[in-house]
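Listed here are the chains, written in short residue letters.
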Amino acid sequence: MRTIAIIGCGRIANNAHFPALTKIDGVRIKYVCDIIEEKAVKAKEEFVSYAQAITDYNIALADPEVEAVWVLTPNYAHYTITMDALKAGKHVFCEKPITVSYELSCAMAEEAKKQGKFLNIGVCNRHQRSVEVLEQMVREGKFGNIYHVYCSFRDFRSIPGLGGDFTTKAQSGGGVLIDWGVHFFDLVLYILGGAKLKSVSCNAYSEMAKDMKSYKYVNMWAEDTADVEHGTNDVDDYITGYIRTDKASISFNGAWAQNIGKAEMYIDFLGDKGGARLNYLGQFTYWDGATLQSYTSEHELPNMYQEEDEAFLKSIESGVKDKNYIDYVLESARLLQALYDSSEQNKEIQF
Ligand SMILES: NC(=O)c1ccc[n+]([C@@H]2O[C@H](COP(=O)([O-])OP(=O)(O)OC[C@H]3O[C@@H](n4cnc5c(N)ncnc54)[C@H](O)[C@@H]3O)[C@@H](O)[C@H]2O)c1
């Protein structure tokens, strides 16, 4: 039986990790913690009536029975809570992005090593079946040489929680790039087989909600965190750029909001023997360059949150790192930082 604590009882906890963890045998959630007491109490009532609802995570960290914690708080809080938990001798599952900067992400990786604890990051899409199959096909040479990847993570007028922590750089670390791009670039580097960065060039824009009160939208998810009267919006709602790696080059466009009324969420892998379009959170279509035939995958898509939670627990059991271990995710954190630096400095960043 593994005794764990959940820190942060917001959307990702309620929609993904509580439902996943309560389905996994051998897990005892001893504490549910949120700085907002009602949220901790509500999570306890809804998912784990036997747990203790707390508002100070240090209570869980001081309990020797607790072996691992899930850090499911806003981005800015990932660093402090994770560092405190590692120093208290706990294994940590931390939601994506690792944190708000590459420098702090590296410090978290170092601390995990120093303490000899597992620190996994919630890059859940690595546990999608279609992603796993595509990654295997790349390794088997079905694409030949992948020379270019194109990423599109664009949606129509859907900035989250305008004015709240999502659109406040000091709390989120950025906008559409760090929130959605983090998943796409993680997948690209992962599927390419650990590509190393050579240079990046990027432009970030914050154009669609300069006047927050008059911003029109079709979807404002995380609306409960919005504050258009008194809040802040200083993050990217559109981003574009070009990346050189030791493997493929990568171009991309991302938009939380744009005046094109169509969501386009996919990654194209262009190889000299084959190519594929991976639809985000879905299936892929593969084109074989020799036969000119194509097929669309029909994989069962298991619950990726449950898969990543199970993999983390298995690591603790076996002592073997899973693909979501922080060291395997650091290069994409380096990429996000470099893209923001390139845009701010208005120049290409070389490595
Ligand atoms: N993997 C994914 O696909 C995915 C999807 C959504 C969100 N996320 C990530 O999950 C994290 C949380 O996002 P969310 O949408 O659930 O946010 P949220 O605001 O709904 O929930 C975060 C919760 O953390 C609590 N909190 C803040 N500081 C705390 C502290 N010091 N101690 C205890 N609780 C604290 C807040 O009160 C809030 O209830 C973010 O990092 C986000 O990027 C990942």
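All values reported here derive from a predicted model rather than from experimental measurement.

## Quick look at the overall build of the chain
Broken down by element type, the chain carries 10 helices and 15 strands. Over its C-alpha atoms the chain spans a radius of gyration of 20 Å, differing by no more than 12% from the 20 Å that the globule rule assigns to 351 residues. When the backbone C-alpha atoms are referred to their principal axes, the chain occupies close to 60 × 50 × 35 Å. By residue count, 46% of the 351 residues in the chain fall in the buried class.

## So, the packing of helix α6 (residues 129-139) against helix α8 (residues 176-191)
The N-to-C vectors of α6 and α8 enclose an angle of 35°; their axes lie 9 Å apart at closest approach. For the pair formed by α6 and α8, the contact residues are Val-131, Leu-134, Glu-135 and Val-138 on the first element and Leu-187, Tyr-190 and Ile-191 on the second. Tallied by class, the residues present in the contact of α6 with α8 amount to six nonpolar, no polar and one charged.

## Things to note about the sheet that holds strand β4 (residues 68-71)
Strand order in this open sheet of six strands is β3-β2-β1-β4-β5-β6, and the pairing throughout is parallel. Both outer strands of the open sheet, β3 (52-54) and β6 (119-121), are each paired with one neighbouring strand and no more. Taking each pair of neighbouring strands and ignoring which way they run, the sheet shows an average axis angle of 20°. Across four bridges, the pairing between strand β1 (residues 2-7) and β4 is parallel. By the bridge assignment, Ala-5 is partnered in β4 with Val-69. Strands β1, β4, β5 (91-94) and β6 of the sheet are contacted by helix α4 (residues 75-87), whose axis makes an angle of about 165° with β5.

## Quick notes on the pairing of strand β12 (residues 274-279)
Sheet analysis places strand β11 (residues 264-271) next to β12, joined by five bridges and oriented antiparallel. Paired with Phe-269 across the two strands is Ala-276, which belongs to β12. As consecutive antiparallel partners, β11 and β12 are separated by two residues. Pairing of β12 with strand β13 (residues 284-288) involves five bridges; the strand directions are antiparallel. Counted as the bridge partner of Arg-277 is Thr-285 from β13. Turn length for the β12-β13 hairpin, with the two strands adjacent in sequence and antiparallel, is four residues, and the turn residue Leu-281 shows positive phi of about 65°.

## Brief notes about the nonpolar core
Soluble globular proteins tend to pack their nonpolar side chains together in the buried interior. By size, the foremost hydrophobic cluster in this structure holds 99 residues, and its most contacted members are Ile-6, Ile-7, Val-32, Cys-33, Val-69 and Val-188. By residue number, the principal contributor to this core is α8, which donates 12 residues. Both of domain 1 (2-125 + 305-324) and domain 2 (126-301 + 333-350) provide at least three residues apiece to this core. Once you skip the residues sitting within four places of it in the chain, Val-69 turns out to touch Ile-4, Ala-5, Ile-7, Ala-60, Ala-85, Lys-90 and Val-92.

## Section: unusual backbone geometry
In this structure, the amide linkage connecting Lys-96 to the following residue, Pro-97, adopts the cis form with an omega of -15°. Counting through the fold element by element, Pro-97 comes out in the loop between β5 and α5 (102-115). Within the chain, Arg-157 stands out as a residue other than glycine whose phi angle is a positive 45°. Counting through the fold element by element, Arg-157 comes out in the loop between β7 (146-154) and α7 (169-172). According to the C-beta neighbour criterion, Arg-157 is buried, with 20 such atoms within 10 Å. Phi at Ala-222 takes a positive value of approximately 60°, unusual for a residue other than glycine.

## Regarding the domain arrangement of the chain
For the chain, the assigned domains are domain 1 (2-125 + 305-324) and domain 2 (126-301 + 333-350). Taking the mean C-alpha position of each, domain 1 and domain 2 sit 25 Å from one another. Opposite the 19 residues of domain 1 that make contact, domain 2 presents 19 residues. Counting residues per element, the ones that place at least two in the side of domain 1 that touches domain 2 are α4, α5 and α9 (304-318). Of the residues that constitute the side of domain 1 that touches domain 2, the class distribution is nine nonpolar, five polar and five charged.

Each value, and the rule that gives it
Residues numbered from 1 in each chain as written. Predicted model: local features only at pLDDT ≥ 70, side-chain atom pairs only at ≥ 80, totals over all residues. Helix = DSSP H or I, 4+ residues; strand = E, 2+ residues; numbered from the N terminus. Rg over C-alpha atoms; globule rule 2.2 N^0.38 Å. Buried ≥ 20, exposed ≤ 12 C-beta atoms within 10 Å, placed from the backbone. Axes fitted to C-alpha atoms, helices over the stretch in contact; angles between N-to-C directions. Contact = placed C-beta atoms within 7 Å. Nonpolar A, V, L, I, M, F, W, Y, C, P; charged D, E, K, R; others polar. Pairing = 2+ DSSP bridges. Core = buried A, V, L, I, M, F, W, Y, C linked by C-beta atoms within 7 Å. Domains from an automatic or database assignment.

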